Amino acid sequence: MLIKYLYFRIKQAWRATKDIGLGFLLVAAIICFGFLINLLAQLGKLPAWGMAIALSTIPLSIHFNRNDITFLKKYYPRTFPLLFSEYYLLVLPLALLLAIVFKKWIILFQLAPLILIIALIPPIQLKSRNKPILNLHFIPFQLFEWRSGFRRNGIFMAICYVIGLACAFYPAGPLVSIIIISYIMTNFYDELEAPIMIEQFAPLSLFMLKKLQWHLSALLLLFLPLGMAFLIFHLSYWYLLLIALVFSLALISFALCYKYSVYRPHRKKAFNQNAIALFSAGMFIPLFLPGSIYFLFRFSRKAKNRLNWFYSKQ
């Protein structure tokens, strides 16, 4: 039973990887690599038991946000072995990396009882899922993509945001947080709205310009606390913050333009993952930077022409 369950989880992870796009994951891994090295260096200063506690926070954060416990109990009455195996295998790669680099193999054994305790704690079940946890009506209608996006990914984004603020004394903290959150937000623009939401906009010729103004202004406002935290600790590196913000603005602009460049009435998704991965790769590799800039302007013009094609007579 345990082997079948773990095999099922591996198949789930593989399907999720295909949905996200291998290119997107590769670029995200490159972005996180430097931050991961810095994080491992900081963990290396801790004793082995401190490393074990730090790693155990990963399954702990997952444990209290699960919504599949009822399903597991229905088909697997004894969920403890499943949860323990799942959590331990999740953190095992990081634990092995720390053990090899810092010669602290005892961490593999100290981690086991912590995971054991987490697996034995009953997950908190919310009484009702009919209403959203957060009331997002304060987000203006012009940012309707943000409303649905925050409902789907708000918890993970909030964790990244808090980590970025908490690690503001490291230059990479706020910067990596800005970039990761920006990548998550590109998924907001993967779903296409109903035609009536575009038809009511007038004049249509200003639709893309206004759309970019709304979303980019809101993005800068969202990252204002992270930017201020970075400048408080690292004012001499202000240009790094500027680079991160320009990258974020360009990424969201491309996602928005790509969304409408492939727009068709009644089409549900833009499937933008691979395009965004290639665009962001060009932003990171100076040799391909002109190509990314070219495609940003090309898709912005294509988006305007596509909307005019369908709605020029509206």
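Trainee: It is not clear to me how the nonpolar core should be interpreted in this structure. Could you clarify?
Mentor: Nonpolar side chains in soluble globular proteins tend to be buried together. W146, M185, I198, F207, F254, Y260 and L307 are the most contacted members of the largest nonpolar core, which totals 52 residues. Where this core is concerned, the elements lending two or more residues are α7 (144-166), α8 (172-186), α10 (207-222), α11 (224-234), α12 (238-261), α13 (273-284) and α14 (289-311). The element contributing the most residues to this core is α12, with 13 residues. Leave out the neighbours within four places in its chain, and F254 touches A275, I276, F279, F295, L296 and F299. Counting 18 residues, the second-largest nonpolar core is a separate cluster that includes M51, L55, V91 and L111.

Trainee: Just to check I follow, could you spell out the pattern of salt bridges for this structure?
Mentor: Two side chains that carry opposite charge are able to pair once their charged atoms sit near each other. Counted according to the given criterion, the structure contains six salt bridges. Residue K259 is joined to E193 by a salt bridge in which the shortest nitrogen-to-oxygen separation is 2.8 Å. Taken together, the residues span a long stretch of sequence, with K259 in helix α12 and E193 in the loop between α8 and α9 (195-199) at a distance of 66 residues. With respect to burial, K259 and E193 carry one shared label: buried. A cluster of three or more residues bridged by salt bridges with shared partners is formed by E145, E193, K211 and K259.

Trainee: Please clarify how the packing of aromatic side chains should be interpreted in this entry.
Mentor: Two measures describe an aromatic ring pair: the distance that separates the ring centres and the angle between the ring planes. Taken as a whole and assessed by the stated rule, the structure comprises 15 aromatic pairs. Consider the rings of F84 and Y88, whose centres lie 6.0 Å apart with planes at 20°: the pair is stacked. Of the two residues, F84 and Y88 both sit in helix α5 (residues 80-102), four residues apart, roughly one turn of that helix. Looking at Y88, the relative accessible area reads 18%, which means it is buried. Here F169 and Y170 contribute two aromatic rings whose centre-to-centre distance is 4.6 Å and whose plane-to-plane angle is 55°, an arrangement assigned as tilted.

Trainee: Help me understand α10, please; the structure alone is not making it clear to me.
Mentor: For an α-helix, the turn length of 3.6 residues means that residues three or four places apart are oriented alike. Between its terminal C-alpha atoms α10 stretches 22 Å, which fits the 22 Å expected from 16 residues at 1.5 Å a residue. Buried within α10 are the following residues: F207, M208, K211, L212, H215, A218 and L219. Buried residues of α10 fall within an arc of 145° about the axis and therefore sit on the same side. Looking at the buried positions of α10, the neighbouring elements they touch are α7, α8, α9, α12 and α14.

Trainee: Where do I start with the environment of M157 in this structure?
Mentor: By the secondary structure assignment, M157 is in helix α7. Taking the C-alpha atoms as reference points, M157 and S182, 25 residues apart in sequence, are found 9.5 Å from one another. The contacts of M157, once residues within four sequence positions are left out, are F150, I181, I184, M185 and F188.

Cut-off values and rules
- In this numbering scheme, every chain counts its residues from 1 along its sequence in written order.
- In view of the model being predicted, local features appear only for residues whose pLDDT reaches at least 70, and side-chain atom pairs are presented and counted only at 80 or more, with totals across whole chains, interfaces and linings using the full set of residues.
- Excluding hydrogens and water, the side-chain values take into account all heavy atoms of the structure.
- For this analysis, a nonpolar core means a set of buried residues of the types Ala, Val, Leu, Ile, Met, Phe, Trp, Tyr and Cys, connected via side-chain atoms within 4.5 Å.
- Throughout, exposure labels follow a simple rule: accessible area from a 1.4 Å probe, protein chains only, divided by the maximum for the residue type, with under 20% read as buried, over 50% as exposed, and the rest as partly exposed.
- In this text, helices come from DSSP runs of H or I with a minimum length of four residues, and strands from runs of E with a minimum of two, each type numbered from the N-terminal end.
- In this analysis, two residues are considered to be in contact whenever any of their non-hydrogen atoms come within 4.5 Å of each other.
- Every case where a carboxyl oxygen of Asp or Glu lies within 4 Å of a side-chain nitrogen of Lys or Arg is listed as a salt bridge.
- Aromatic contacts are taken between Phe, Tyr and Trp rings whose centres are within 6.5 Å, Trp giving its six-membered ring; a plane angle under 30 degrees counts as stacked, one over 60 as edge-to-face, and the others as tilted.
- Expected span, for any helix, means 1.5 Å times one less than how many residues it has.
- Note: the arc covers the axis-to-C-beta directions of the helix.

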